[in-house]
Amino acid sequence: MPRSRIIMDQACVEANRQVKIIENKAIIAREKEDKDARMFLAYLAKEARKDEKQAAKEERKAARKAARKAAKELSKVE
């Protein structure tokens, strides 16, 4: 096998190795982006649940306040 052929084969092997390294880095970056997106969506869901819980708490508080007011007015009428 001529020397130039061996050098060319080694260059092809090295080029393929570099391509695989780049592909692996791209896969890792994509997986990290996917994980970050999932984490952000989980954060948004958690915040939404927290907001719903707070709104329900305020709604119950307002209902209790209205009930107390109605009971107070009812006791005044009697």
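Everything here concerns the structure above.
Residues numbered from 1 in each chain as written. Predicted model: local features only at pLDDT ≥ 70, side-chain atom pairs only at ≥ 80, totals over all residues. Heavy atoms only, no water.

(A) Seen up close, the overall build of the protein. Scanning the protein from N- to C-terminus turns up one helix and zero strands. For 78 residues, the compact-globule formula gives about 12 Å, and the C-alpha radius of gyration of the protein, at 34 Å, lies well above that figure. C-alpha atoms of the protein, sized along the principal axes, occupy 115 × 5 × 5 Å. Relative to its full complement of 78 residues, the protein shows a buried share of 0%. Accessible area of the protein: about 7600 Å², with a carbon and sulfur share of 60%. (Helix = DSSP H or I, 4+ residues; strand = E, 2+ residues; numbered from the N terminus. Rg over C-alpha atoms; globule rule 2.2 N^0.38 Å. Buried < 20%, exposed > 50% of the residue type's maximum accessible area, 1.4 Å probe, protein only. Areas by Shrake-Rupley, 256 points an atom, 1.4 Å probe, with all protein chains shown as cover.)

(B) Quick peek at a nonpolar patch on the surface. A surface patch of nonpolar side chains, about 430 Å² in accessible area, is lined by Phe40, Leu41, Tyr43 and Leu44. Turning to its location among the elements, leucine 44 is positioned in helix H1 (residues 3–77). Taking the relative accessible area as the measure of exposure, leucine 44 reaches 40% and is therefore partly exposed. (Patch = residues over 30% accessible without salt bridge, like charges linked within 9 Å, V, L, I, M, F, W, Y side chains within 5 Å. Salt bridge = Lys/Arg side-chain N within 4 Å of Asp/Glu carboxyl O.)

(C) The environment of phenylalanine 40, seen in detail. Tracing the backbone through its elements, the reader meets phenylalanine 40 in helix H1. Taking the relative accessible area as the measure of exposure, phenylalanine 40 reaches 48% and is therefore partly exposed. In sequence terms phenylalanine 40 and alanine 15 are 25 residues apart; their C-alpha atoms lie 37 Å from each other.

(D) A positive patch on the surface, seen in detail. Together, Lys53, Lys57, Arg60, Lys61, Arg64, Lys65, Arg68 and Lys69 make up a positively charged patch on the protein surface. Topologically, lysine 61 is positioned in helix H1. (Lys, Arg positive; Asp, Glu negative; His and termini not counted. Charge placed at Lys NZ, Arg CZ, Asp CG, Glu CD.)

(E) Looking closely at the pattern of salt bridges. Within the structure shown, the criterion is met by four salt bridges. When the shortest N-O distance is used, the salt bridge between glutamate 47 and lysine 50 registers 3.3 Å. Taken together, the positions of glutamate 47 and lysine 50, both in helix H1 and three residues apart, correspond to about one turn of that helix. Judged by relative accessible area, which is 24%, glutamate 47 ranks as partly exposed. You can call lysine 50 partly exposed: its relative accessible area is 47%.

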